[in-house]
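This is what each chain is made of:
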Amino acid sequence: MKRRTFLQALLGFPAALSFVPAVEASNKPNHDITPLNLSPEEWKGRLNGQQFYVLREEGTERAFTSPLNDEKRKGEYRCAGCDLLMFTSEMKYDSGTGWPSFFTVVDGHIETKTDFKLIYPRTEYHCVRCGGHQGHVFNDGPKPTGQRWCNNGVALRFVPA
């Protein structure tokens, strides 16, 4: 890499930080929810391999592979790790991205952090009870929030109404 390219990238980094969604302030975790702390062995006994990869190792499932992406029934979307309610069917919409997407979350049931895995900052969110990785939130969603909570389908369990 040329020094000029490196310096341009370095100078552009603070600007990239300004694109991280400001969801931390609007979605405070409910600290009355009792945390579920299990060992990696206990999680492996509770989850299948793909769920463990996503929920415990912060992986991502391939786009368009989750049956929940096409789920249209009324019901609830719960954390596959601990069964905490994350979303309702009224919050869901088709984003065309290949992952189940929602325009908001159940208040207090998520925690967020900034993720730099793809170099540029993104807001990653986790279940407040078990810490399971759910997905990322972006500011390109529909009204009324303008947010797209892009979730890994294997991180959720759908419960029909």
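Up top is the structure these notes are about.
Please read all numbers here as calculations on a predicted model, not as lab measurements.

Participant: Explanation requested: the overall build of the protein chain in the structure shown.
Facilitator: When helices and strands are counted, the protein chain shows three helices and nine strands. Taken from the N to the C terminus, the helices and strands of the protein chain come in the order α-α-α-β-β-β-β-β-β-β-β-β. When the 161 residues of the protein chain are sorted by exposure, 43% land in the buried category. Looking at the protein chain alone, contacts between residues at least 24 apart form 59% of all its contacts between residues at least 6 apart. Of the roughly 9200 Å² of accessible surface on the protein chain, 56% is carried by carbon and sulfur atoms.

Participant: Help me out: how do you make sense of the sheet that holds strand β9 (residues 156-160) in this one?
Facilitator: Ordered by their spatial adjacency, three strands build an open sheet running β2-β1-β9, and the pairing between neighbours is antiparallel. Because the sheet does not close on itself, it has two edges, and the strands there are β2 (85-88) and β9. Taking the axes of each pair of neighbouring strands and ignoring which way they run, one obtains an average angle of 30° across the sheet.

Participant: Help me understand the sheet that holds strand β3 (residues 92-93), please; the structure alone is not making it clear to me.
Facilitator: Strands belonging to one sheet form pairs held by backbone hydrogen bonds; the direction of such a pair is parallel or antiparallel. In space, the six strands of this open sheet follow the order β3-β4-β8-β7-β6-β5, with antiparallel pairing throughout. Either end of the sheet is taken by a strand with one partner, and the two such strands are β3 and β5 (110-115). Of the strand pairs in this sheet, strand β7 (residues 133-138) and strand β8 (residues 148-151) are connected by four bridges, and their pairing is antiparallel. Its bridge partner being in β8, Val137 is matched across the sheet by Trp149.

Participant: Please explain the packing of aromatic side chains as it appears in this structure.
Facilitator: Any aromatic ring pair is given by two values, namely how distant the centres are and how the planes are angled relative to each other. The final tally for this structure, using the stated rule, is four aromatic pairs. Here Phe87 and Phe102 contribute two aromatic rings whose centre-to-centre distance is 3.8 Å and whose plane-to-plane angle is 10°, an arrangement assigned as stacked. In this pair, Phe87 is assigned in strand β2 and Phe102 in strand β4 (residues 101-102), connecting sequence segments 15 residues apart. For the pair formed by Phe87 and Phe102, the shared burial category is buried. Ring centres of Tyr125 and Trp149 lie 4.8 Å apart, and the angle between their planes is 75°; this geometry places the pair in the edge-to-face category.

Participant: Can you help me understand the pattern of salt bridges in this one?
Facilitator: Pairing is possible between side chains of opposite charge, provided their charged atoms come close. Across all of its chains, the model carries eight salt bridges by this definition. With a shortest N-O distance of 3.7 Å, Glu90 and Lys74 are connected by a salt bridge. Pair noted here: Glu90 is in the loop between β2 and β3 and Lys74 is in the loop between α3 (49-57) and β1 (75-79), with a separation of 16 residues, a long-range link. Residues Arg78 and Asp83 are paired through a salt bridge, measuring 4.0 Å at the closest nitrogen-oxygen approach. You can call Asp83 partly exposed: its relative accessible area is 31%. Counted as one network, the salt bridges with shared partners bring together Glu76, Arg78, Asp83 and Arg157.

Thresholds, definitions, all that
Going along each chain's sequence as written, the residues are numbered from 1 onward. Since the coordinates come from a predicted model, pLDDT governs what is reported: local features require at least 70, and pairs of side-chain atoms require 80 or more to be given and counted, while whole-chain, interface and lining totals use all residues. Side-chain numbers come from the whole structure's heavy atoms, not from hydrogens or water. Think of it this way: any DSSP run of H or I at least four residues long counts as a helix, any run of E at least two long counts as a strand, and we number them from the N terminus. For every residue, the accessible area obtained with a 1.4 Å probe (protein chains only) is divided by the maximum for its type, and the residue is called buried under 20%, exposed over 50%, and partly exposed between those limits. Here, two residues are considered to be in contact whenever any of their heavy atoms come within 4.5 Å of each other. Every accessible area reported is derived by Shrake-Rupley at a probe size of 1.4 Å, with residue values counting cover from the shown protein chains alone. We call two strands paired when DSSP finds no fewer than two bridges between them. Each axis is a line fitted through C-alpha atoms, taken for helices only over the stretch in contact, and angles between the N-to-C directions span 0 to 180 degrees. Centres within 6.5 Å make a pair out of two Phe, Tyr or Trp rings, where for Trp the six-membered ring is used; the pair is then stacked when the planes are under 30 degrees apart, edge-to-face when over 60, and tilted otherwise. Salt bridges are defined by distance alone: a side-chain nitrogen of Lys or Arg within 4 Å of a carboxyl oxygen of Asp or Glu.

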